[in-house]
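Residues per chain, in single letters:
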Amino acid sequence: MSKVISASAMRDRLLARVQAAPKHDDWVRVLGTPGHRELLGLIARHAPPSIGALAELAGRAQPNVSRTLSALHSAGLIEVVSDGRRSVPRMTEMGISKARELGLLPASEAPTAPDAKTDRLLTVEIESRPTDEAFSNDVIEGRLTARLRFSSHKEEIAARTSGDLDALGRQLLENWWRIFYRRGAPFRLWDFSLEDHAAGSYALLATVPGSRIELQARSSTNDPLHLERESQTFPVSTFEQLLLDEFLHPLATHHLSRGRSARPLHALLRRIEDSRGQPAERAFCRTAGALGMTPYDLRDDRAARIRALLELIPEEDARLDFSSAVLSEALDKGWLWTSQQLEVFRRRNAMPVLRQLHTRCAKQPNTATRPYQHGYALARETRALLNLAEDQPVGGIEGLSRLLGAIDTIGLSTKAPGSLRAFQSMEGDVPTLIIEDEGPHASAFVLARGMGDFIAFGSRAACVADLYTDRQAVGRAFAAEFMAPRDAVVRMMEEEDHPIATVADHFGVQTSVVQHQYENSFRRFSSPA
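How each quantity is defined
- Residues numbered from 1 in each chain as written.
- Predicted model: local features only at pLDDT ≥ 70, side-chain atom pairs only at ≥ 80, totals over all residues.
- Heavy atoms only, no water.
- Helix = DSSP H or I, 4+ residues; strand = E, 2+ residues; numbered from the N terminus.
- Contact = heavy atoms within 4.5 Å.
- Areas by Shrake-Rupley, 256 points an atom, 1.4 Å probe, with all protein chains shown as cover.
- Salt bridge = Lys/Arg side-chain N within 4 Å of Asp/Glu carboxyl O.
- Buried < 20%, exposed > 50% of the residue type's maximum accessible area, 1.4 Å probe, protein only.
- Core = buried A, V, L, I, M, F, W, Y, C linked by side-chain atoms within 4.5 Å.
- Pairing = 2+ DSSP bridges.
- Expected span 1.5 Å × (residues − 1).
- Arc of directions from axis to C-beta.
- pLDDT = per-residue confidence, 0-100.
- Axes fitted to C-alpha atoms, helices over the stretch in contact; angles between N-to-C directions.
- Parallel < 35°, antiparallel > 145°, perpendicular 65-115°, else oblique.
- Left-handed = near helix turned anticlockwise from the far one by under 90°.
- Nonpolar A, V, L, I, M, F, W, Y, C, P; charged D, E, K, R; others polar.
- Phe/Tyr/Trp six-rings, centres within 6.5 Å; stacked < 30°, edge-to-face > 60°.
- Lys NZ or Arg CZ within 6 Å of the ring centre and 35° of its normal.

Under an unreviewed UniProt entry, the protein chain has the name DNA-binding MarR family transcriptional regulator and belongs to Castellaniella defragrans.

Printed below as a string of structure tokens:
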């Protein structure tokens, strides 16, 4: 029968094997390197609470520190244990002894104990296996437990997945950049069962609308399990580090404890961590992930296209939206469409007033402000600056062209590829918008979305797309409120008794926009600000 190995048991097994191995002087070779000795002393004296904290203490890059820890671990001088959201380096008895012998830790001084950590989200439990089987392949049989809070429960619930954790870890690493940087596309992280449910399986899904990642749980019958916000939403960088510290580093450490120091999981992990530490490579990898591509081993033409995209759209938030809209299969078509249509319409569709509106309206939203609230607020401010009465329509494409200072009614483009609807670029300090022709009402609304995006962000290049991201939410909300102000919609429908179709015709929008605005007039009283 299998059983769970404790951290101390794993350490004892490692120490026993090191002591019994013919190369009993490994510690001499490892500690012959000054950087290795320095790190051992820092662990002994300061007990850093995580690998990241140790890297900061040592003033070294985390991948470099991780390689040194691997060497110290292989010599039996330290162990790395999972503690909540961190992997914590700790001294072994042998490490303490050698640190004292080398003067890294005074004989009278006990090694510092790490602080306790209780806010765990993920924990890893690894099953013991017969020795010959354990060293014959990379399989790590065990259990990953996520402590989640559901709306239907007062207490945390253990969501558990069992099986080959190495295979799960490699799957996450192979899809790393797609998981965290492709916008608005759910990724199935893993399946799980609940500790208080006798049967039934569930899926944990991750979606990234912007700078945060949102977790969702769904049953095998597609019924949602509603998570509390503290278990649902994390900053992307926080959840990246959480997966590394709580799940992937413990797996890598387990392989090391079995004397397996160059496994596929190690190679994938090192590659991810090295890329995360290099700004230029990190931007390349994130863009590739948003396109749905792996950034490694790309064809030369694909890599060149990504580098060109980094130059075309320098702002990362805008670039990730564009990449997620076209994906790899439509990247070349998206590139061709934007370049050709900008060449045709750059002068005609230039909108100098848009730059002035951005300058006058640009304010950083409160961090608690939701994207749609930011869009609504900017739309109201913009209508006031343009002296538009509350119930005054903007006049469709022609009216918007005049308001934004275009030399003529702007031209509409051929159908855009992928999920693109429009693209904005700068010629000097004047923004130009190219918009696909979808008919008068829909095209005017898309133009208003692009208008709102520029007023909010002022990017040198950005897109309007059929994506559900934070940035696109700002543009959608701006367009709805700018084209058909909510209060005017409510008054026309409730006080003047106009049907939705009449209100839509008055403002020059589709009926769905008016319906949405009217429904939002009720939600604003029930939704938190």
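Now, onward.
**Describing the overall build of the protein chain**
Broken down by element type, the protein chain carries 24 helices and 13 strands. In the protein chain, the share of contacts with a sequence separation of at least 24, taken over all contacts with a separation of at least 6, comes to 64%. Accessible surface, the protein chain: about 23,800 Å² in total, of which carbon and sulfur atoms supply 49%.

**Here's the deal with the pattern of salt bridges**
Any two side chains of opposite charge can pair, so long as their charged atoms come close to each other. This model, assessed by the stated rule, comprises 27 salt bridges. Here Arg-491 makes a salt bridge to Glu-390, at a shortest N to O gap of 2.7 Å. A residue pair is termed long-range when its members are at least 10 positions apart, and Arg-491 in helix H22 (residues 486-495) and Glu-390 in the loop between helix H18 (371-385) and helix H19 (396-403) qualify at 101 residues. Of the charged contacts in the structure, one is a salt bridge between Arg-421 and Glu-438, with a shortest N-O distance of 2.5 Å. A residue pair is termed long-range when its members are at least 10 positions apart, and Arg-421 in strand S11 (residues 420-427) and Glu-438 in the loop between strand S12 (430-435) and helix H20 (440-457) qualify at 17 residues. For Glu-438, a relative accessible area of 30% translates into the label partly exposed.

**Here's the deal with the nonpolar core**
With 51 residues, the main nonpolar core has Leu-122, Trp-176, Phe-180, Leu-189, Trp-190, Phe-239 and Phe-247 as its most contacted residues. The biggest single contributor to this core is helix H11 (residues 236-257), with 9 residues. Those residues in contact with Phe-180, other than ones at most four positions away along the chain, are Val-208, Ile-213, Val-236, Phe-239, Glu-240 and Leu-243. If you look at the next biggest cluster of nonpolar residues, it comprises 48 residues, including Leu-388, Ala-448, Met-451 and Ile-455.

**A closer look at the pairing of S11**
Burial analysis of S11 places 7 of its 8 residues in the buried class, which makes it a mostly covered element. With 5 bridges connecting them, S11 and strand S13 (residues 461-465) associate as antiparallel partners. Residue pairing across strands places Phe-423 opposite Cys-463, the latter belonging to S13. Linking S11 to S12, which pair antiparallel, is a turn of 2 residues; within it Gly-428 sits at a positive phi near 70°.

**Remarks on the environment of Val-394**
Relative to the elements of secondary structure, Val-394 occurs in the loop between H18 and H19. Expressed as a C-alpha distance, the spacing of Val-394 and Phe-482, which sit 88 residues apart in the sequence, is 8.3 Å. If near-sequence neighbours (up to four positions away) are discounted, Val-394 is found in contact with Arg-383, Leu-388, Gly-399, Leu-400, Leu-403, Phe-482 and Met-483.

**Points about helix H16 (residues 331-345)**
The end-to-end C-alpha separation of H16 is 21 Å, in line with the 21 Å expected for 15 residues at 1.5 Å each. Taken as a whole, H16 has its buried residues at Leu-331, Gly-334, Trp-337, Thr-338, Gln-341, Leu-342 and Phe-345. Burial along H16 is one-sided: seen end-on, the buried residues are contained in an arc of 125°. Residues of H16 that are exposed and point more than 90 degrees away from the buried face comprise Lys-333, Glu-343 and Val-344. Tucked into the core, H16 has its buried residues touching helix H14 (300-312), helix H15 (316-326), S11 and S12.

**A word on the confidence of the model for the protein chain**
Here the protein chain shows a mean pLDDT of 86. Residues at 70 or above account for 86%. In the predicted structure, residues 1-24 sits below a pLDDT of 50 and forms 34 contacts with residues beyond four places in sequence or in another chain. Confidence drops under a pLDDT of 50 for residues 525-529, and excluding neighbours within four residues, the segment shows 6 contacts in the predicted structure.

**Some remarks on the packing of H20 against helix H21 (residues 470-483)**
At their nearest, the axes of H20 and H21 sit 7 Å apart, and the two run at 120° to each other. By the angle between their directions, the pair H20 and H21 is classed as oblique. Considering how the two elements wind past one another, H20 and H21 form a crossing that is right-handed. Taken together, the residues of H21 that come into contact with H20 (itself represented by Ala-444, Phe-445, Ala-448, Arg-449, Met-451, Gly-452, Asp-453, Ile-455, Ala-456 and Phe-457) are Arg-471, Gln-472, Val-474, Gly-475, Arg-476, Phe-478, Ala-479, Ala-480, Phe-482 and Met-483. Across the contact of H20 with H21, the residue classes break down as 13 nonpolar, 3 polar and 4 charged.

**Side note on the sheet that holds S13**
An order of S12-S11-S13 is seen for the 3 strands of this open sheet, with the pairing classed as antiparallel. Because the sheet does not close on itself, it has two edges, and the strands there are S12 and S13. When the angles between neighbouring strand axes are averaged without regard to direction, this sheet yields 20°. Contacts from H16 reach S11 and S12, with the element oriented near 55° to S11. Against the sheet, H20 engages S11, S12 and S13, with an angle of about 150° to S12.

**As for the packing of aromatic side chains**
Throughout the structure, instances matching the rule amount to 9 aromatic pairs. Geometrically, the ring pair formed by Tyr-372 and Tyr-376 is edge-to-face, given 6.0 Å between the ring centres and 90° between the ring planes. Of this pair, Tyr-372 and Tyr-376 both sit in helix H18, 4 residues apart, which is roughly one turn of the helix. On the accessibility criterion, Tyr-376 (4% relative accessible area) is buried. Through a chain of ring-to-ring contacts, the aromatic side chains of Trp-176, Phe-180, Phe-234 and Phe-239 assemble into a single cluster. Between the NZ or CZ atom of Arg-383 and the centre of the ring of Phe-482, over which it lies, the distance is 5.9 Å.

**Some thoughts on unusual backbone geometry**
Unusually for a residue other than glycine, Asn-222 sits at a positive phi of about 70°. Judged by its relative accessible area of 54%, Asn-222 is exposed. Of note in this structure, Leu-327 is not a glycine but carries a positive phi near 55°. Locating Leu-327 in the fold gives a position in the loop between H15 and H16. Residue classification places Leu-327 among the buried residues on the basis of a relative accessible area of 15%.

**Section: the side chain of Ser-66**
Within the secondary structure, Ser-66 is located in helix H5 (residues 62-74). Looking at Ser-66, the relative accessible area reads 15%, which means it is buried.

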